[in-house]
Amino acid sequence: PNKYNDPIRYFRDCHALITTQINLLDKLIHNSEANGVIKNIREDKQWGELLDFLVNVAPRHEIDEEVSLFPLVIKKMPRMGFQQSGSPLRFIHEQHEMMLHRSGELLRIWRQTLEKNELTDDEATKFISGAKELLEIIREHIRRENEIIYTAANDELLSPAERQQILEEIRENHNKEVQTSFLAFDEPTYTLKGYSPVIVSGDDSDAVSDSTIDVEDDEESDEEEEE
């Protein structure tokens with residue numbers, strides 16, 4: 001967040017990064033159906049990388065939204081607030097919880113498969129169906145946030161001062177987060193309230209994606225908009 005001058009641009013770029021991981025999930029699902037779930041889990045290390053992202057990285061984005069952006073949106077547009085069952089923000093808040101739950105269930109089956117080196121047909125079916133459901137939930141979730149929440153916030157609701165306030169809150173939350181080295185027998189420790197990571201990998205290396213994503217330079221975009 002320190003590299004951004006606009007919070008909506010930051011949130012949209014986070015969504016772009018999440019989308020690259022969801023595209024990876026889609027590919028892994030197809031490979032698992034074609035080659036066998038247990039074989040794919042054992043042999044494709046991208047599952048570990050992806051699950052690490054879903055249970056540890058993606059929730060940080062959701063915390064940023066719920067701590068810094070949503071309160072201002074609710075204040076400006078109460079009819080979109082969490083208190084109304086049919087409102088977009090309540091729906092999105094509930095989806096945050098659902099995505100974390102579904103990701104955790106995939107993680108549980110993945111770990112169990114690696115530990116026991118076996119997977120029943122029912123568990124394989126549950127794993128694939130759960131992955132497909134998560135895929136659709138996240139895609140719809142991103143679409144709704146982009147089209148409803150981010151667009152309204154960007155085009156109608158946020159003043160320059162409020163945009164700066166949101167960015168400062170995001171930066172403060174990230175600065176409060178302290179992570180220890182990822183050692184073989186130590187788990188990372190985080191001080192950010194509400195962020196509870198799950199250790200996915202058992203080895204002593206960090207999970208680093210081979211995927212890259214092109215995002216617009218924030219300062220250049222700002223200059224173009226001014227022109």
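One can find the structure itself at the top, above this paragraph.
Residues numbered from 1 in each chain as written. Predicted model: local features only at pLDDT ≥ 70, side-chain atom pairs only at ≥ 80, totals over all residues. Heavy atoms only, no water.

1. Here we look at the overall build of the protein chain
Summing up its helical and strand segments, the protein chain has 7 helices and 0 strands in all. Helices and strands in the protein chain line up, N terminus first, as α-α-α-α-α-α-α. Evaluated residue by residue, the protein chain yields a buried proportion of 42% over its 227 residues. Sequence separation of at least 24 residues holds for 72% of the intrachain contacts in the protein chain that already meet a minimum separation of 6. (Helix = DSSP H or I, 4+ residues; strand = E, 2+ residues; numbered from the N terminus. Buried < 20%, exposed > 50% of the residue type's maximum accessible area, 1.4 Å probe, protein only. Contact = heavy atoms within 4.5 Å.)

2. With respect to the pattern of salt bridges
Taken as a whole, this structure holds 11 salt bridges when the rule is applied. Ionic pairing is found between Lys76 and Glu162, a salt bridge with its closest N-O pair at 3.3 Å. With a gap of 86 residues between them, Lys76 in helix α3 (residues 46-76) and Glu162 in helix α6 (residues 160-176) connect regions that are remote in the sequence. Overall, the relative accessible area of 39% leaves Lys76 in the partly exposed class. Here the salt bridges share partners, and the residues they tie into one network are Glu140, Arg143, Arg144 and Glu147. (Salt bridge = Lys/Arg side-chain N within 4 Å of Asp/Glu carboxyl O.)

3. Quick word on the packing of α3 against helix α5 (residues 121-157)
With their axes 12 Å apart at the nearest point, α3 and α5 run at an angle of 30° to one another. Our classification of the angle between α3 and α5 gives roughly parallel. For the element pair α3 and α5, the recorded crossing hand is left-handed. Residues Trp47, Leu54, His61, Glu65, Leu69, Phe70, Val73 and Lys76 of α3 form the contact with α5, whose participating residues are Phe127, Leu134, Ile138, Glu145, Ile149, Tyr150, Ala153 and Leu157. (Axes fitted to C-alpha atoms, helices over the stretch in contact; angles between N-to-C directions. Parallel < 35°, antiparallel > 145°, perpendicular 65-115°, else oblique. Left-handed = near helix turned anticlockwise from the far one by under 90°.)

4. As for the packing of helix α1 (residues 7-35) against α6
Geometrically, a packed helix pair is captured by the angle between its two axes and the distance between the axes. Here α1 crosses α6 at 50°, and the two axes come no closer than 8 Å. Between α1 and α6, the angle is such that the two are oblique. Between α1 and α6, the residues in contact are Pro7, Ile8, Tyr10 and Phe11 and Arg163, Ile166, Leu167, Ile170 and His174, respectively. Among the residues forming the contact of α1 with α6, the class breakdown is 7 nonpolar, 1 polar and 1 charged. (Nonpolar A, V, L, I, M, F, W, Y, C, P; charged D, E, K, R; others polar.)

5. So, the side chain of Arg163
Inspection of the secondary structure assignment puts Arg163 in helix α6. Here the side chain of Arg163 touches Asn154 through a polar contact of 2.7 Å, landing on its backbone oxygen. Aside from chain neighbours lying at most four places away, what touches Arg163 is Asp6, Pro7, Ile8, Ala153, Asn154 and Leu158. (Polar contact = N/O pair within 3.5 Å; in protein donor to acceptor, adjacent residues only side chain to side chain.)

6. Observations concerning the side chain of His174
Looking at the secondary structure, you find His174 in helix α6. Not counting residues up to four positions away in its chain, the partners in contact with His174 are Pro1, Tyr10, Arg60 and Asp64.

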